[in-house]
Amino acid sequence: METMKAARLHAIGDFRVDEIPVPRPGGREILLKVGACGVCGSDIPRIFELGTSRQKYPLTIGHEFAGAVEQVGPDADPCLVGKRGAVFPCIPCRRCEPCLSGNYAMCLDYDYLGSRSDGGFAEYCLVPSAWHFVESTNPDTSLEALAMAEPCTVAQHAVRRSGIGGGSSLLIFGAGPIGIMAARWAELFGAEVVALVDIADDKIGFAKARGMKHVLNGLARDVADEFRKICRGRLPDAIIEGTGTGAALNQAVECSKTFGTVVLMGNPHQDTVIKLSAHSNILRRELSLKGMWNSHYFDMPVNEWTYTVRMLDQGKITVEDLITHRSDVDGIPAMCRGIYDRTLNICKAMFTAKA
């Protein structure tokens, strides 16, 4: 265990696998043997267009990961060794106003595993402390499923922001992995009608094959009219806009009922522009537009991460069927390149460690 393989970004576009020393945990640090790490949509522009958040190189990419504790530092609990779980990758300062209120995703001076510090595209990853480790209590929950905890919790957070509950209805723009997981959370939370919207036939077909009852084509038909057909003539109580595109945002506003809620989840594109008619509808219908960022990692009112892992352990939320592509550590750069140049048509791609 003297050296390990890690997929590291050396410069924008220079993403390769290196043989480097295995880090040694000190203080309260824990050394995680990575079992799986998902490729996030944000990883691709980070690798090929933007670089790391602080232009720090070389850096091991990957923030959606899970594994088993291999070693701990001298100030950490030795009972952690052997435990399996997911990793909360945000490293908040714990001093700013958002941190002091438990809103760590809003930290004003944060670090982050996989974009600012070394992350999970490696055989081992050094995690700052057990505070970041969300233990799984079910040995049958796979490490791939636990590696999906990060995007799954983002989806959960979006649904919570929408305010839907038992008997309500939800429309979600974007039938990618987070959109599908948001639909599953909505059903778990008691929503009576849940529908997805996309413009890509392959995504529409994939979502239907994964059990989504209502998946609408945003180009083929009037989405508002189609939703009324499946919801007793009513428009949705809430909408989650998960694409970040101007077209979807404007469509979401058009589909909103009076006093409805639109949750803005998708990162905006350069062409994200709101039309005059949509702006007018926001005013006339007194719509509530809610931003959302990442997820909530504090026990009050609910630690969304521990809830996600608990639901995974209990089999009440399913995620593994969304994984379409897998690679070992050596294949990570090529897999990411294929996603970037669109020679790979994925839902969720995953680095899975060899047994």
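Quick note: structure is the one above.
Residues numbered from 1 in each chain as written. Predicted model: local features only at pLDDT ≥ 70, side-chain atom pairs only at ≥ 80, totals over all residues. Heavy atoms only, no water.

J.: Even after reading the chapter, I still don't get the sheet that holds strand S2 (residues 14-21), so can you show me in this structure?
T.: In any sheet, the strands associate via hydrogen bonds between backbone groups, in a parallel or an antiparallel arrangement. Spatially, S2-S1-S4 is the arrangement adopted by the three strands of the open sheet, whose pairing is antiparallel. Edge positions in the open sheet fall to S2 and strand S4 (59-60), since each of these has one partner strand only. The sheet contact formed by strand S1 (residues 3-11) and S4 spans two bridges and is antiparallel. Bridge pairing in S4 links leucine 9 to leucine 59. (Pairing = 2+ DSSP bridges. Helix = DSSP H or I, 4+ residues; strand = E, 2+ residues; numbered from the N terminus.)

J.: How do you make sense of the pairing of strand S16 (residues 288-291) when you look at a structure like this?
T.: The side chains of a regular strand alternate between both faces of the sheet. Bridge count between strand S15 (residues 261-264) and S16: four bridges; the pairing is parallel. Residue valine 262 lies in a different strand from S16, and its bridge partner there is leucine 289. Handedness of the β-α-β unit built from S15, helix H9 (residues 276-284) and S16 comes out right-handed. (Right-handed = clockwise from strand over helix to strand, strands pointing away.)

J.: Any chance you could explain the pairing of strand S17 (residues 323-327) here in plain terms?
T.: In this sheet, strand S18 (residues 348-352) lies alongside S17 in parallel orientation, the contact comprising four bridges. If you follow isoleucine 323 over to S18, its bridge partner there is lysine 348. In this fold, the crossover linking S17 to S18 by way of helix H11 (residues 332-340) has right-handed handedness.

J.: Looking at this structure, I do not really get unusual backbone geometry. What am I missing?
T.: The phi torsion of most residues other than glycine is negative, and most of the peptide bonds are trans. At the junction of tyrosine 57 and proline 58, the peptide bond is cis and its omega measures out at -10 degrees in the coordinates. With respect to the secondary-structure elements, proline 58 resides in the loop between helix H1 (43-50) and S4. The peptide bond linking methionine 300 to proline 301 adopts the cis configuration, its omega dihedral lying at -5 degrees. With respect to the element layout, proline 301 can be found in the loop between S16 and helix H10 (304-313).

J.: I'm lost on the sheet that holds strand S11 (residues 169-173) in this one. Help?
T.: Pairing within the open sheet is parallel, and its six strands lie in the order S13-S12-S11-S14-S15-S16. Each edge of the open sheet is held by one strand with a lone partner, namely strand S13 (214-217) and S16. Averaged over all pairs of adjacent strands, the angle between strand axes in this sheet comes to 20 degrees, irrespective of strand direction. When strand S12 (residues 193-198) meets S13, the two strands line up parallel, connected through four bridges. Among the inter-strand pairings, leucine 196 is bridged to a residue of S13, identified as valine 215. Contacting S11 and S12, helix H5 (residues 177-188) runs over the sheet at an angle of about 170 degrees to S12. Lying on the sheet, helix H6 (residues 201-209) is in contact with S12 and S13; it crosses S13 at an angle near 170 degrees. (Axes fitted to C-alpha atoms, helices over the stretch in contact; angles between N-to-C directions. Contact = heavy atoms within 4.5 Å.)

J.: Where do I start with the environment of isoleucine 240 in this structure?
T.: For isoleucine 240, the position within the fold is in strand S14 (residues 238-241). Judged by relative accessible area, isoleucine 240 falls into the buried class, the value being 0%. Spatially, the C-alpha atom of isoleucine 240 lies 36 Å from that of histidine 10, the residues being 230 residues apart in sequence. Setting aside residues up to four positions removed in sequence, isoleucine 240 forms contacts with Ala158, Val159, Leu170, Leu171, Ile172, Phe173, Val263 and Met265. (Buried < 20%, exposed > 50% of the residue type's maximum accessible area, 1.4 Å probe, protein only.)

J.: Just checking my understanding: could you explain the nonpolar core for this structure?
T.: A general feature of soluble globular proteins is that nonpolar side chains tend to end up buried together. Val159, Leu170, Ile172, Trp185, Leu196 and Ile240 are the most contacted members of the largest nonpolar core, which has 57 residues in total. Those elements that provide at least two residues to this core are helix H3 (143-147), helix H4 (149-162), S11, H5, S12, H6, S14 and H10. Excluding its chain neighbours within four sequence positions, the residues that come into contact with tryptophan 185 are Cys152, Ala155, Gln156, Val159, Tyr307, Thr308, Met311 and Ile317. (Core = buried A, V, L, I, M, F, W, Y, C linked by side-chain atoms within 4.5 Å.)

J.: Looking at this structure, I do not really get the packing of aromatic side chains. What am I missing?
T.: The description of two aromatic rings rests on the distance between their centres and on the angle between their planes. By the definition in use, this model includes 12 aromatic pairs. Between the aromatic rings of tryptophan 131 and tyrosine 297, the centroid separation amounts to 4.9 Å while the plane-to-plane angle is 85 degrees, which identifies the pairing as edge-to-face. Pair noted here: tryptophan 131 is in the loop between strand S9 (124-127) and strand S10 (133-135) and tyrosine 297 is in the loop between S16 and H10, with a separation of 166 residues, a long-range link. The class of tryptophan 131 is partly exposed, set by a relative accessible area of 25%. Seen from their ring centres, phenylalanine 189 and tyrosine 307 are 6.5 Å apart, and the 45 degrees between their planes marks the pair as tilted. Highlighted residues: phenylalanine 189 in the loop between H5 and S12 and tyrosine 307 in helix H10, separated in sequence by 118 residues. Look at tyrosine 307 and you get buried, because its relative accessible area is 18%. Through successive ring pairs, a cluster of aromatic residues spans Phe88, Tyr104, Trp131, Tyr297, Phe298 and Trp305. Its guanidinium or amino end placed over the ring of tryptophan 131, arginine 94 lies 3.9 Å from that ring's centre, counting from NZ or CZ. For arginine 160, the ring lying beneath its charged end belongs to tyrosine 307, and the centroid distance is 5.4 Å. (Phe/Tyr/Trp six-rings, centres within 6.5 Å; stacked < 30°, edge-to-face > 60°. Lys NZ or Arg CZ within 6 Å of the ring centre and 35° of its normal.)

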